Amino acid sequence: MRKVIGIGETVLDIIFKDNQPIQAVPGGSTFNAIISLGRAGVNTSFISETGNDRIGQMIIRFLKDNGCQVDCVNVYPDSKSPLSLAFLNEQNDADYIFYKDHPHDRLDFSYPEVNTGDIVLFGSYYALNPVIRPQVKGFLDYAHERGAILYYDVNFRASHQHEVMKLTPNLLENFELADIVRGSSEDFEILFKKSDPDAIYRSQIMFYTKKFVYTQASSPVELRAEGGFKKQYPIQPIDTVSTIGAGDNFNAGFIYGLIRYGITRREIESGLSEAQWDQVIHSALEFSGESCRSLDNYVSTEFGEKLKNEIK
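Here's the deal with the side chain of Arg182
Of note, Arg182 is situated in strand 11 (residues 180-184). At 3.2 Å, the side chain of Arg182 and the side chain of Asp153 are in polar contact. Those residues in contact with Arg182, other than ones at most four positions away along the chain, are Tyr151, Tyr152, Asp153, Val154, Val213, Thr215, Gly247, Asp248, Phe250 and Asn251.

Structure follows, in structure tokens:
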């Protein structure tokens, strides 16, 4: 069976509404997607690190409980696990405060087995962080050589805006490594002060990779690909409880669609058909919408159970 390998941070998300904490759940951008994929029956593995504390123990147990291999999650004895405070507004969108000591970041892991057709999900500051860049880049190169599909979620937070110039070489390198790039309107506003998907694709993306998915909250998803192909996908209105996991689960659903519909890296490299794009974007929107219906950062176990028999 094909598998998905995520590489990213782990945090404990403490969620506030009206300035009162209402929920605390394990999180992290790639982490959230991996949990949802595990719940949907996908074979998953996670590369990360966590602190030697109760939060770290909770996170590792949560990964295991959702079917994820944790052999590549390092527990550092003198570290505390990072925290994220998420403040929901009236529309249930979140503003964040992060508590993590990035100067003490490190990453030490043995490469998990990677085979042709596997999918690697990477993104956020974790994929740019200069301190762990050699290890991250080394693994991404290895996964590409082994025939994996590389899916890059830009997910660039305003808290790192002052580092844009320093991080740009790593960002462009990630674009070049990726088979598919997904970014939000917020990401590109922070990075390039641009909000038009065509302009972003032409000036920032297409030289490095041809497949670009641009999300913009409740506005339509914009797709750009080789040969001038472009398409817009409307978002169905739903009653949201929290949008914290919306983008992460868009990634999960997209990757689930690649596996469910048997889409290979060779097909991606030669160019997907419109029908194939429709299938994976529809799956992405299903997962994203489902995650917004609760305070959790992932799809429900009930939603996942319904999908387990559909993957190849």
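Side note on helix 6 (residues 197-205)
Burial in helix 6 covers these residues: Pro197, Ile200, Tyr201, Gln204 and Ile205. End-on, the buried residues of helix 6 take up no more than an arc of 110 degrees, which puts them together on one face. For helix 6, the elements touching its buried residues are helix 4 (164-177), strand 11, helix 5 (185-192), strand 12 (212-216) and strand 13 (219-224).

With respect to the sheet that holds strand 3 (residues 20-27)
Sheet strands associate in pairs through backbone hydrogen bonding, adopting either a parallel or an antiparallel arrangement. Here four strands make up an open sheet; going across it, the order is 3-2-7-8 and the pairing mixed. Strand pairing shows two members of the sheet lacking a second neighbour, strand 3 and strand 8 (94-99), which therefore form its edges. The mean inter-strand angle of the sheet, taken between neighbouring strand axes irrespective of direction, is 20 degrees. Relative to strand 3, strand 2 (residues 11-17) runs antiparallel, the two being bridged by seven bridges. Bridged to Ile15 within strand 3 is Gln23.

What about the packing of aromatic side chains?
Describing an aromatic ring pair means giving the distance of the ring centres and the angle of the ring planes. Tallied over the full model, the rule gives 21 aromatic pairs. Plain terms: the ring middles of Phe139 and Tyr142 are 6.4 Å apart, the flat faces sit at 40 degrees to each other, and that makes the pair tilted. Of this pair, Phe139 and Tyr142 both sit in helix 3 (residues 133-145), three residues apart, which is roughly one turn of the helix. A residue is classified by how much of its surface remains accessible, and Phe139, at 0% relative accessible area, is buried. A relative accessible area of 24% means that Tyr142 is categorised as partly exposed.

Some thoughts on the pattern of salt bridges
A complete count under the given rule lists 15 salt bridges for this structure. Among the ionic pairs, Arg224 bridges to Asp198, the shortest N-O distance being 2.7 Å. In this pair, Arg224 sits in strand 13 while Asp198 sits in helix 6, placing the two residues 26 residues apart along the sequence. Residue Arg224 is classed as buried on the basis of its relative accessible area, which comes to 5%. Via salt bridges that share partners, Asp198, Glu222, Arg224 and Lys230 belong to a single interconnected network.

Side note on the nonpolar core
Ranked by internal contacts, the top residues of the largest apolar core, which has 54 residues, are Leu63, Val213, Phe254, Leu258 and Trp277. With near-sequence residues (within four places) excluded, Trp277 lies in contact with Lys211, Val213, Leu223, Ala225, Phe229, Tyr233, Phe254 and Leu272. With 39 residues, the next largest nonpolar core counts Val120, Ala148, Ile200 and Tyr201 among its residues.

Criteria and cut-off values
Residues numbered from 1 in each chain as written. Predicted model: local features only at pLDDT ≥ 70, side-chain atom pairs only at ≥ 80, totals over all residues. Heavy atoms only, no water. Helix = DSSP H or I, 4+ residues; strand = E, 2+ residues; numbered from the N terminus. Polar contact = N/O pair within 3.5 Å; in protein donor to acceptor, adjacent residues only side chain to side chain. Contact = heavy atoms within 4.5 Å. Buried < 20%, exposed > 50% of the residue type's maximum accessible area, 1.4 Å probe, protein only. Arc of directions from axis to C-beta. Pairing = 2+ DSSP bridges. Axes fitted to C-alpha atoms, helices over the stretch in contact; angles between N-to-C directions. Phe/Tyr/Trp six-rings, centres within 6.5 Å; stacked < 30°, edge-to-face > 60°. Salt bridge = Lys/Arg side-chain N within 4 Å of Asp/Glu carboxyl O. Core = buried A, V, L, I, M, F, W, Y, C linked by side-chain atoms within 4.5 Å.

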